[in-house]
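Okay, here's what each chain looks like letter by letter:
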Amino acid sequence: QVHLVESGGGLVQPGGSLRLSCEVSGGAFNTYTTAWFRQAPGKEREFVAVTNRYRRLAYADFVEGRFTISRDSTKNLVYLQMDSLKPDDTAVYYCAASSTVIMSSRRMPAAYAYWGQGTQVTVSS
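Residues numbered from 1 in each chain as written. Predicted model: local features only at pLDDT ≥ 70, side-chain atom pairs only at ≥ 80, totals over all residues. Heavy atoms only, no water.

Brief notes about the overall build of the chain
Phase 1 of the analysis: The helix and strand inventory of the chain stands at zero helices and 11 strands.
Phase 2 of the analysis: Mapped from its N terminus to its C terminus, the chain presents α and β elements in the order β-β-β-β-β-β-β-β-β-β-β.
Phase 3 of the analysis: Since a compact globule built from 125 residues should have a radius of gyration of about 14 Å, the 13 Å found for the chain is in line with a globular shape.
Phase 4 of the analysis: Overall size of the chain, expressed as C-alpha extent along the three principal axes, is 40 × 30 × 25 Å.
Phase 5 of the analysis: A total of 125 residues make up the chain; the buried ones form 45% of that total.
Phase 6 of the analysis: Sequence-distant contacts in the chain: of pairs separated by 6 or more residues, those separated by 24 or more amount to 57%.
Phase 7 of the analysis: Carbon and sulfur atoms make up 47% of the accessible area of the chain, which amounts to about 6,500 Å² in all.
Phase 8 of the analysis: Computed over 13 positive and 10 negative side-chain charges, the inter-centroid distance for the chain is 7 Å. (Helix = DSSP H or I, 4+ residues; strand = E, 2+ residues; numbered from the N terminus. Rg over C-alpha atoms; globule rule 2.2 N^0.38 Å. Buried < 20%, exposed > 50% of the residue type's maximum accessible area, 1.4 Å probe, protein only. Contact = heavy atoms within 4.5 Å. Areas by Shrake-Rupley, 256 points an atom, 1.4 Å probe, with all protein chains shown as cover. Lys, Arg positive; Asp, Glu negative; His and termini not counted. Charge placed at Lys NZ, Arg CZ, Asp CG, Glu CD.)

Quick word on the sheet that holds strand β7 (residues 67-72)
Phase 1 of the analysis: Here four strands make up an open sheet; going across it, the order is β1-β3-β8-β7 and the pairing antiparallel. Edge positions in the sheet fall to β1 (3-7) and β7, since each of these pairs with one other strand and no more. Strand after strand, the sheet turns through a mean of 15° between neighbouring axes, direction not considered.
Phase 2 of the analysis: Pairing geometry for strand β3 (residues 18-25) and strand β8 (residues 77-82), over six bridges, is antiparallel. (Pairing = 2+ DSSP bridges. Axes fitted to C-alpha atoms, helices over the stretch in contact; angles between N-to-C directions.)

Comments concerning the pattern of salt bridges
Phase 1 of the analysis: Tallying each qualifying case throughout the model produces four salt bridges.
Phase 2 of the analysis: For Arg 38, the salt bridge is made with Asp 89, and the minimal N-O distance between the two is 2.9 Å. On the criterion of sequence distance, the pair formed by Arg 38 in strand β4 (residues 33-39) and Asp 89 in the loop between β8 and β9 (91-98) is long-range, its members being 51 residues apart. Taken individually, Arg 38 and Asp 89 each receive the classification buried, so the pair is uniform in this respect. (Salt bridge = Lys/Arg side-chain N within 4 Å of Asp/Glu carboxyl O.)

Quick notes on the nonpolar core
It is characteristic of soluble globular proteins that their nonpolar side chains tend to be buried jointly.
Phase 1 of the analysis: In terms of nonpolar packing, the biggest core is built from 36 residues, with Trp 36, Val 48, Phe 67, Leu 80, Met 82, Tyr 93 and Tyr 112 touching the most fellow members.
Phase 2 of the analysis: Counting residues per element, the ones that place at least two in this core are β3, β4, β5 (46-51), β7, β8, β9 and β11 (119-123).
Phase 3 of the analysis: Among the elements that make up this core, the one with the highest residue count is β9 (five residues). (Core = buried A, V, L, I, M, F, W, Y, C linked by side-chain atoms within 4.5 Å.)

A look at the state of the cysteines
Phase 1 of the analysis: Per the stated rule, a full pass over the model turns up one disulfide.
Phase 2 of the analysis: A sulfur-sulfur distance of 2.2 Å marks the disulfide that ties Cys 22 to Cys 95. In this structure the cystine formed by Cys 22 and Cys 95 twists about its S-S bond by roughly -85°; its chirality is therefore left-handed. With Cys 22 in strand β3 and Cys 95 in strand β9, the pair connects residues that are 73 residues apart, well separated along the chain. (Disulfide = S-S within 2.5 Å.)

Regarding the pairing of β1
Phase 1 of the analysis: Side-chain alternation along β1 places Leu 4 and Glu 6 on a buried face and His 3, Val 5 and Ser 7 on a face that remains uncovered.
Phase 2 of the analysis: By the bridge criterion, five bridges tie β1 to β3 in an arrangement that is antiparallel. Looking at β3, one finds that Glu 6 is bridged to Cys 22.

And the structure:
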């Protein structure tokens, strides 16, 4: 059984920073493509960032260089460093993983087999 647990969310002022973590257990971490998605109230879940075992990265256009995804294979952890946060970044952030993601589908939620419960990020003054 594969489990993903996110942490690090919270309330932050505009312009502030947060680092989200995702612990992956029960599976073969080194085979996974791992990604972050987010979902704001009343909106569909959207892609944020992805990295795979070869350290190939991709980001959503709205990131604009403000976020950095990384992973630590020795600890089975995936991180999302978020800087220069904006109120529009307010959402529940989800970690996702799968060993069967192909390059063309890596931005799609349906490509991922395993999901965490999400962590709330609120950007407000």
